[in-house]
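Here is what each chain is made of, one letter per residue.
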Amino acid sequence: MRNFRNIILTMLSAFLLYACGGKSTASFEGMEFDSIVIDTVAKLGKAENAPSCQLRLSIQYAKGKNAQKFNDTLLRSGILAPDYFSLSDEKMSVKAIVDSFACRFVADYLRDYGTLYQADMAHADSYRYDLKVTTSTHNGGDDILNYVANIYTFGGGAHGINQTLVRNFDMKTCHMLTLEDVFISDVAIKDMIVEKLIKQFDVDSFDQLKEKYIFADGQVYVPDNFILEDDKVTFIYCEDEIAPHEIGEIRVEFDKSDLKSYMR
């Protein structure tokens, strides 16, 4: 098994690149951002039509003041899934974590999907897997950093899934802000979200929203996936989270002044 992992690691190392910045990069005193990029393909055999796993990662990370704390929190926050490292507090470099993730992800694919494919080679397309994670950083105002991960996953089936995951950091402390850190209560915000969605989807009531299979079970919640900016807050529901796939990602935006009474 160790030799197998070494082969995978050697293969990945050939595709490991470093690039400054990214599509968008935040700026804070004493800290700068760089990127680690991995782009690799692993096939389940030598046949031309053998299924493959394509892994593309572009992960921004911090360098400088408080970088270790920021990176440790970020890379254990679920932007890389499966989250192999969340149960470990071992101090690792960003390169080591991303490299280890890629190695393990490909090894798991070759083992798990390889077994299934060998038993069902007539349906090769069912065993293709794609994972693409592209990240960017933005200044959110008031020493807030927005770390945005755009994720595409395809594991067979009719379509892939796109996700936008946002992590907000207080850069004075490098603490990652949760819903509870920012808001006193989410009870009133639930009603405000429903009102916004009724307007967005041009319906007259919550019941009509449910008829469109938006919050079809009637259980409204405020997502812990939001963009905290200087003058607004945007809540994000990913594809397939609260609505049918064809509706796509749903964003609900508020002026900060509208939420001021419910914010800490």
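What comes next is a walk through the structure. What you are looking at is a predicted structure, and each value in this text was computed from that prediction instead of being measured. (Residues numbered from 1 in each chain as written. Predicted model: local features only at pLDDT ≥ 70, side-chain atom pairs only at ≥ 80, totals over all residues. Heavy atoms only, no water.)

### Brief notes about the overall build of the chain
For the chain, the count of helices and strands is seven helices and 10 strands. Overall, the C-alpha framework of the chain stretches about 60 × 50 × 30 Å when taken along its three principal axes. Evaluated residue by residue, the chain yields a buried proportion of 45% over its 264 residues. Long-range pairs, those at least 24 residues apart, make up 56% of the contacts in the chain with a sequence separation of at least 6. A total of about 13800 Å² of accessible surface is found on the chain, and carbon and sulfur atoms cover 49% of it. Positive and negative side-chain charges of the chain, numbering 28 and 40 respectively, have mean locations separated by a distance of 6 Å. (Helix = DSSP H or I, 4+ residues; strand = E, 2+ residues; numbered from the N terminus. Buried < 20%, exposed > 50% of the residue type's maximum accessible area, 1.4 Å probe, protein only. Contact = heavy atoms within 4.5 Å. Areas by Shrake-Rupley, 256 points an atom, 1.4 Å probe, with all protein chains shown as cover. Lys, Arg positive; Asp, Glu negative; His and termini not counted. Charge placed at Lys NZ, Arg CZ, Asp CG, Glu CD.)

### Remarks on the sheet that holds strand 9 (residues 232-237)
Within a beta sheet, neighbouring strands are joined by backbone hydrogen bonds and run either parallel or antiparallel to one another. Spatially, 8-9-10 is the arrangement adopted by the three strands of the open sheet, whose pairing is antiparallel. Pairing within the sheet leaves two strands with one partner each, and these edge strands are strand 8 (226-228) and strand 10 (250-255). Geometrically, the sheet is characterised by an average inter-axis angle of 15° between neighbouring strands, direction not taken into account. Here three bridges tie strand 8 to strand 9, and the two strands are oriented antiparallel to one another. The partner of F226 across the bridge, within strand 9, is F235. (Pairing = 2+ DSSP bridges. Axes fitted to C-alpha atoms, helices over the stretch in contact; angles between N-to-C directions.)

### Digging into a negative patch on the surface
Negative charge collects at one region of the surface, where D142, D230, D231, D255 and D258 lie side by side. Looking at the element boundaries, D230 is found in the loop between strand 8 and strand 9. (Patch = residues over 30% accessible without salt bridge, like charges linked within 9 Å, V, L, I, M, F, W, Y side chains within 5 Å. Salt bridge = Lys/Arg side-chain N within 4 Å of Asp/Glu carboxyl O.)

### Comments concerning the nonpolar core
L57, F70, F101 and L145 are the most contacted members of the largest nonpolar core, which has 48 residues in total. Contributions of two or more residues to this core are made by strand 2 (31-43), strand 3 (52-64), helix 2 (67-74), helix 3 (94-119), strand 4 (129-141), strand 5 (144-154) and strand 6 (161-170). A per-element tally of this core places helix 3 first, with 10 residues. Discounting residues that sit within four places of it in the chain, L57 has contacts with I36, V37, I38, L80, V98, F101 and V133. Membership of the second largest hydrophobic core comes to 29 residues, among which are L179, M192, L197 and I214. (Core = buried A, V, L, I, M, F, W, Y, C linked by side-chain atoms within 4.5 Å.)

### Notes on unusual backbone geometry
Along the chain, A81 connects to P82 via a cis peptide bond; the corresponding omega equals 5°. Position of P82 relative to the elements: it lies in the loop between helix 2 and helix 3. Here D142, not a glycine, exhibits a phi torsion of approximately 55°, which is positive. Owing to a relative accessible area of 58%, D142 belongs among the exposed residues under this scheme. The phi torsion at F215 lies on the positive side, around 50°, for a residue other than glycine. The topology assignment puts F215 in the loop between helix 6 (206-211) and strand 8.

### Focus on helix 5 (residues 187-200)
Structural remark: α-helix, 3.6 residues per turn; residues separated by three or four positions point the same way. Counted at 1.5 Å a residue, the expected span for helix 5 with its 14 residues is 20 Å, and the 21 Å between its end C-alpha atoms agrees. Looking at helix 5, one finds that the buried residues are I189, M192, I193, V194, L197 and I198. Among the structural elements, helix 6, strand 9, strand 10 and helix 7 (256-259) are those in contact with the buried residues of helix 5. In the segment just after helix 5, D202 is the residue with positive phi, at about 55°. (Expected span 1.5 Å × (residues − 1).)

### What about the side chain of N168?
Tracing the backbone shows N168 in strand 6. In this structure the side chain of N168 is engaged in a polar contact, spanning 3.2 Å, whose partner is the backbone nitrogen of L228. Aside from chain neighbours lying at most four places away, what touches N168 is L145, N146, H175, M176, L177, F226, I227 and L228. (Polar contact = N/O pair within 3.5 Å; in protein donor to acceptor, adjacent residues only side chain to side chain.)

### Concerning the pairing of strand 4
Where strand 3 lies against strand 4, six bridges are found, and the strand directions are parallel. Along strand 4, the bridge assignment pairs R56 with K132. As judged from the 11 bridges shared by strand 4 and strand 5, these two strands associate in the antiparallel manner. Opposite S136, over in strand 5, you have V148 as the bridge partner. Following strand 4, the chain reverses through two residues before pairing antiparallel with strand 5; D142 in that reversal takes a positive phi of roughly 55°.

### Some remarks on the pairing of strand 5
The element strand 5 is extensively covered by neighbouring structure, given that eight of its 11 residues are classed as buried. The sheet contact formed by strand 5 and strand 6 spans 10 bridges and is antiparallel. Counterpart to N150 in the pairing with strand 6 is T164. Linking two consecutive strands that pair antiparallel, namely strand 5 and strand 6, is a turn of six residues; a positive phi of about 90° is found at G156 within it.

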